[in-house]
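Architecture at a glance
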Amino acid sequence: RDTLRRKGQSAGYAHNGYLEDAIGGGGLLMMSRLPIIESHFEPFGLSGYPEQLDNGEFFSGKGFAHVRIQGPDGPFAVLNTHLHARYSNRVSHQFAPHRIGQIIQLASRVKEYDEPVVMMGDFNMLDEDPEYRVLTGLTGMRDCAVEMEHRCETVMYSNPYRARKPISVETGRRIDYVFMRDGQTSGLQARLFDRVFDGVFTIGGQPASYSNHAGLMATIEMLPVQPDVRLALITI
């Protein structure tokens, strides 16, 4: 984490939104070129089962970071999160209630913002899962990948850090997302969206990658919200 922060600062990301509010800080770090007005970390109220030590969800300190950033056209909010892991692809609903509880907590925070909101992270859900419909339904968030017609897998089974590969014909899954929601006076429009940091290389003669997930890069423009124009037809 400290190395990332130092390298980020040298690359122009002078501001960061990491807080020491949880065990390990929840594992979340946000860096920004623009000034961060506020920065908070909120742990999830529902975080797995304490007796399942091999999963580690209960003790991992997961939650979400939410920051307000001062942009050139006004402030906007960014939320970064990591929902409860799936652990088993054989039982798709196994931890869905935990993720839905965490999404409800996220949604309650999103509703507090009048400005535009971007929410990103590892959501451990497919876009066909109930969790996805709960999140978009409660928050009004739009999926950047869907708007740009570029749904891309973020967990590939060709990744060298994926030791347990399912016996199936699928090449991967899309469980990482960038969502966005308009504010009262400013809106957000996706302009570019792509998968990054998904290459395989060697370290010491062994195959390696940047992470066991690919990264996502979204270019989002802030625009004024056009007021609704309503015409009343009066017949005399």
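Heads up: these notes are all about the structure in this document. Being a predicted model, the structure only gives us computed values, none of them experimental. (Residues numbered from 1 in each chain as written. Predicted model: local features only at pLDDT ≥ 70, side-chain atom pairs only at ≥ 80, totals over all residues. Heavy atoms only, no water.)

**Here's the deal with the overall build of the chain**
A count of helical and extended segments in the chain gives four helices and 14 strands. Evaluated residue by residue, the chain yields a buried proportion of 42% over its 236 residues. A sequence separation of at least 24 residues applies to 63% of the contacts in the chain between residues at least 6 apart. Accessible surface, the chain as shown: approximately 13500 Å² in total, 55% of it carbon and sulfur. (Helix = DSSP H or I, 4+ residues; strand = E, 2+ residues; numbered from the N terminus. Buried < 20%, exposed > 50% of the residue type's maximum accessible area, 1.4 Å probe, protein only. Contact = heavy atoms within 4.5 Å. Areas by Shrake-Rupley, 256 points an atom, 1.4 Å probe, with all protein chains shown as cover.)

**Points about the sheet that holds strand E3 (residues 36-43)**
Strand pairs in the sheet, formed through backbone hydrogen bonds, run parallel or antiparallel to each other. The strand order across the open sheet built from six strands is E3-E4-E5-E6-E10-E7, with neighbouring strands paired in mixed fashion. The sheet is open, and its two edges are formed by E3 and strand E7 (142-143), each paired on a single side. Taken together, the two bridges between E7 and strand E10 (residues 176-181) define a ladder with antiparallel strand orientation. The residue bridging aspartate 143 from the neighbouring strand is phenylalanine 179, located in E10. Packing against the sheet, helix H2 (residues 96-110) makes contact with E3, strand E4 (63-71), strand E5 (74-82), strand E6 (117-122) and E10, and its axis sits at approximately 25° to E4. In this fold helix H3 (residues 130-139) packs onto E6, E7 and E10, with an angle of close to 15° to the strand it touches most, E10. (Pairing = 2+ DSSP bridges. Axes fitted to C-alpha atoms, helices over the stretch in contact; angles between N-to-C directions.)

**As for a nonpolar patch on the surface**
On the surface, Leu53, Phe58 and Phe59 cluster together into a nonpolar patch covering about 330 Å² of accessible area. Checked against the element boundaries, leucine 53 lands in the loop between E3 and E4. Taking the relative accessible area as the measure of exposure, leucine 53 reaches 63% and is therefore exposed. (Patch = residues over 30% accessible without salt bridge, like charges linked within 9 Å, V, L, I, M, F, W, Y side chains within 5 Å. Salt bridge = Lys/Arg side-chain N within 4 Å of Asp/Glu carboxyl O.)

**Regarding the packing of H2 against H3**
Here H2 crosses H3 at 15°, and the two axes come no closer than 9 Å. As far as their axial angle goes, H3 and H2 are roughly parallel. As H2 packs across H3, the resulting crossing turns out to be right-handed. Contact residues: H2 offers Ala96, Arg99, Ile100, Ile103, Ile104, Ala107 and Val110, while H3 offers Glu131, Val134, Leu135, Leu138 and Thr139. (Parallel < 35°, antiparallel > 145°, perpendicular 65-115°, else oblique. Left-handed = near helix turned anticlockwise from the far one by under 90°.)

**Overview of the pattern of salt bridges**
Scanning the model with the defined rule gives 13 salt bridges in all. Between arginine 68 and glutamate 38 there is a salt bridge, with the nearest N and O atoms lying 3.3 Å from each other. Within this pair, whereas arginine 68 is found in strand E4, its partner glutamate 38 is found in strand E3, the two being separated by 30 residues in sequence. The partly exposed category is assigned to glutamate 38, whose relative accessible area is 32%. Where glutamate 42 meets arginine 109, a salt bridge forms, and the shortest distance between an N and an O atom there is 2.5 Å. Taken as a pair, glutamate 42 in strand E3 and arginine 109 in helix H2 lie far apart in primary sequence, 67 residues in all.

**So, empty space enclosed by the protein**
Summed over all chains, the structure comprises one cavity of 30 Å³ or more. A volume near 40 Å³ is recorded for the largest cavity. Considering the residues around the largest cavity, the lining is formed by Thr154, Val155, Met156, Asn159, Phe197, Asp198, Ser209, Ser211, Asn212, His213 and Ala214. Considering only residue class, the lining of the largest cavity consists of four nonpolar, six polar and one charged. (1 Å grid on protein atoms, 1.4 Å probe; cavity = no way out; pocket = protein on both sides within 12 Å on 5 of 7 lines; lining within 4 Å. Points joined across faces, edges and corners; volume = space filled by probe spheres on them. Nonpolar A, V, L, I, M, F, W, Y, C, P; charged D, E, K, R; others polar.)

**A few points about the side chain of aspartate 122**
Relative to the assigned elements, aspartate 122 resides in strand E6. Comment: no salt bridge for buried aspartate 122; closest opposite-charge side chain is lysine 62, at 6.3 Å. In terms of polar contacts, aspartate 122 uses its side chain to reach the backbone amide nitrogen of asparagine 124, at 3.2 Å. Discounting chain neighbours no more than four positions away, the residues touching aspartate 122 are Thr81, His82, Leu83, Ile175, Asp176 and His213. (Lys, Arg positive; Asp, Glu negative; His and termini not counted. Polar contact = N/O pair within 3.5 Å; in protein donor to acceptor, adjacent residues only side chain to side chain.)

**Digging into H3**
For H3, every residue scored as buried is listed here: Glu131, Tyr132, Leu135 and Thr139. On an axial view of H3, the arc spanned by its buried residues comes to 105°, and they lie on one face. Structural note: H3 exposes Arg133 and Gly137 on the side pointing more than 90 degrees away from its buried face. Lining the buried residues of H3 we find H2, E6, E7, helix H4 (144-147) and E10. Count one or two residues on from H3 and you reach glycine 140, which has phi positive near 75°. (Arc of directions from axis to C-beta.)

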